[in-house]
Amino acid sequence: MRGSTVLPGTPCAAPRAGEPPVHRLEVRLPDDVPFAAGSFDALGPMSRAAFPHRHTFYEIVHVTAGTGAHVVDLARWELRPPHLAVIVPGQVHRWEDVRGLEGTVVLFTEDFLLDHPGDRELLRRLGERPWLTLDGPTHARTALLMAELAEEYGHGDPGFATVLRSLLRVLLVRTARLPGPGARGGPGTGGGSGPSPATGAPPGRTGAVAEGFARLIARTGEGHPSVRECAELIGVTPGHLTAAVRAATGRTPGVLLREARTREAQRLLIGTDLSIHQVARRTGFDDPAYFCRFFRRETGRSPGDFRKHHDGRVPSLEGGGARA
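Residues numbered from 1 in each chain as written. Predicted model: local features only at pLDDT ≥ 70, side-chain atom pairs only at ≥ 80, totals over all residues. Heavy atoms only, no water.

Draft legend 1. Examining the packing of aromatic side chains more closely. Following the criterion strictly, the structure yields 10 aromatic pairs and no others. Ring geometry for Tyr-58 against Phe-108: centres 5.4 Å apart, planes inclined by 10°, an arrangement best described as stacked. Taken together, the positions of Tyr-58 in strand E6 (residues 58–72) and Phe-108 in strand E9 (residues 93–108) put the pair 50 residues apart, joining distant regions of the chain. Tyr-58 gets classed as buried once you look at its relative accessible area, which sits at 9%. Note on Phe-285 and Phe-294: the rings are 4.9 Å apart at their centroids and 45° apart in plane angle, and the pair reads as tilted. Residue classification places Phe-294 among the buried positions, given a relative accessible area of 4%. Lying across the ring of Phe-285, Arg-261 places its NZ or CZ 4.1 Å from the centre. (Phe/Tyr/Trp six-rings, centres within 6.5 Å; stacked < 30°, edge-to-face > 60°. Helix = DSSP H or I, 4+ residues; strand = E, 2+ residues; numbered from the N terminus. Buried < 20%, exposed > 50% of the residue type's maximum accessible area, 1.4 Å probe, protein only. Lys NZ or Arg CZ within 6 Å of the ring centre and 35° of its normal.)

Draft legend 2. Inspection of helix H9 (residues 253–271) at higher detail. Here H9 spans 27 Å end to end across 19 residues, near enough to the 27 Å set by a 1.5 Å rise per residue. Within H9, 15 of the 19 residues are buried, which leaves it mostly tucked inside the rest of the structure. (Expected span 1.5 Å × (residues − 1).)

Draft legend 3. Molecular detail of the pairing of strand E8 (residues 83–87). Burial of E8 is extensive: five of the five residues sit out of reach of the surface. Along E8, one buried face is formed by His-83, Ala-85 and Ile-87 and the opposite face, lined by Leu-84 and Val-86, is buried too. In terms of strand pairing, E6 meets E8 through five bridges, oriented antiparallel. Note on E8: the bridge partner recorded for Glu-59 is Ile-87. Pairing of E8 with strand E10 (residues 131–133), which is carried by three bridges, proceeds in the antiparallel orientation. What sits directly across from Ala-85, in E10, is Trp-131. (Pairing = 2+ DSSP bridges.)

Draft legend 4. Expanded view of the pattern of salt bridges. Counted by the stated rule, this structure contains 11 salt bridges. Put simply, Glu-78 and Arg-76 hold a salt bridge, and the shortest N to O gap is 2.2 Å. With respect to class, Glu-78 is no different from Arg-76; both count as buried. Notably, a salt bridge pairs Asp-286 with Arg-281, separated by 3.8 Å at the nearest N-O pair. Overall, Asp-286 belongs to the exposed group, its relative accessible area being 64%. Residues participating in the shared-partner salt-bridge network are Arg-54, Asp-73, Glu-264 and Arg-267. (Salt bridge = Lys/Arg side-chain N within 4 Å of Asp/Glu carboxyl O.)

Draft legend 5. Representation of the side chain of Thr-104. Relative to the helices and strands, Thr-104 is located in strand E9. If we skip the residues at most four places from it in the chain, Thr-104 touches Gly-38, Ser-39, Ile-60, Val-61, His-62, Met-146 and Ala-150. (Contact = heavy atoms within 4.5 Å.)

Draft legend 6. Representation of the pairing of strand E4 (residues 35–39) within the structure. Extensive coverage of E4 is indicated by the burial of four of its five residues. Pairing of E4 with E9, which is carried by five bridges, proceeds in the antiparallel orientation. Considered in E9, the bridge of Ala-36 is made with Leu-107.

Draft legend 7. Representation of the nonpolar core within the structure. Counting 49 residues, the largest nonpolar core has Phe-35, Val-106, Phe-108, Leu-149, Leu-168 and Leu-172 as the members making the most contacts within it. Counting residues per element, this core draws most heavily on helix H5 (residues 160–177), which supplies eight residues. In this structure, Leu-172 is in contact with Ile-60, Phe-108, Leu-113, Leu-122, Leu-123 and Leu-126, ignoring residues within four places of it in sequence. Counting residues in hydrophobic clusters, the runner-up holds 14 residues, among them Val-209, Cys-230, Leu-256 and Ala-260. (Core = buried A, V, L, I, M, F, W, Y, C linked by side-chain atoms within 4.5 Å.)

Draft legend 8. Quick look at the side chain of Ser-47. On the secondary structure map, Ser-47 appears in the loop between helix H1 (40–43) and strand E5 (54–55). Every residue in contact with Ser-47, bar those within four places of it in the chain, is listed here: Phe-40, Glu-59 and Trp-95.

Draft legend 9. Fine view of the packing of helix H3 (residues 119–126) against H5. It is the contact of H3 with H5, at a shortest axis distance of 9 Å, that shows an interaxial angle of 50°. In this view, H3 runs oblique relative to H5, as classed from their interaxial angle. Classified by chirality, the crossing of H5 by H3 is left-handed. Counting all contacts with H3, which are made through Asp-119, Leu-122, Leu-123, Arg-125 and Leu-126, the residues of H5 involved are Arg-169, Leu-172, Val-173, Thr-175 and Ala-176. Residues that form the contact of H3 with H5 fall into these classes: six nonpolar, one polar and three charged. (Axes fitted to C-alpha atoms, helices over the stretch in contact; angles between N-to-C directions. Parallel < 35°, antiparallel > 145°, perpendicular 65-115°, else oblique. Left-handed = near helix turned anticlockwise from the far one by under 90°. Nonpolar A, V, L, I, M, F, W, Y, C, P; charged D, E, K, R; others polar.)

Draft legend 10. How the structure looks around unusual backbone geometry. Cis geometry marks the peptide bond from Pro-81 to Pro-82; its omega dihedral reads 10°. Tracing the backbone through its elements, the reader meets Pro-82 in the loop between strand E7 (75–78) and E8. Phi at Asp-97 takes a positive value of approximately 50°, unusual for a residue other than glycine. Note that Asp-97 resides in strand E9.

Printed below as a string of structure tokens:
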């Protein structure tokens, strides 16, 4: 993913006025693998940042100790370790009032993993499982995998990138098997940043078209194309795009684009001090009045009521939902 990694010490790119900063993954050398793993202390204070921010990369956190909460978009998860947290690119998150936070963190870009046809679907499914409270056996297995990832990354022995990809894929596949906690994606739930397949990814060209569409709508802050514009960017007709996306997700491109714009508006309303007029412009609406009508239709609230209701806070999800 272009521009998703930087060398250590590179300043964070200044965000647009009023928006959360966007953090890129630090790599040790210009040609190093876009991956990092280690404890919170080993990865530095940004791994437990208490202010709202976004990533250009995926983050998986195995929380083994601590109190406080983890806030991802509109969901606030109380710490009752052990947990497994998944943060996908574009989501706004922060650690809130944490004390004694311990665990292992794995960071990687999308490009690091994508070797097999099902990898992108796997990453999308992870966004539907943002917070898991682990039972004893699952906690133990996860701890072993996370420790192996951190050790392999730390040693950097010959062939370590291949080993890291293999271990990471095992971790992700096992995580995707676990039951989700309640936040299931879509506007207002704090779920993933892209469409979720209703079944397995369709084969061949149809699957490639659906994946291309998923990449387009996951690019937070990079414009808000229409269905026709998405089809042109992918190189297919709007009808072909609609058929491919419906086969992969059970929904139409128009519905998924509306959900993506609504989700981004919600993030900006509760995570920034931007005015409603500014939020409208940042989400592709030249007419603030039309934005307000759109937002009310999609969420049942006006933008002002939505912001007032959250008032800098998000609903607390005690205990992290279902145990895995």
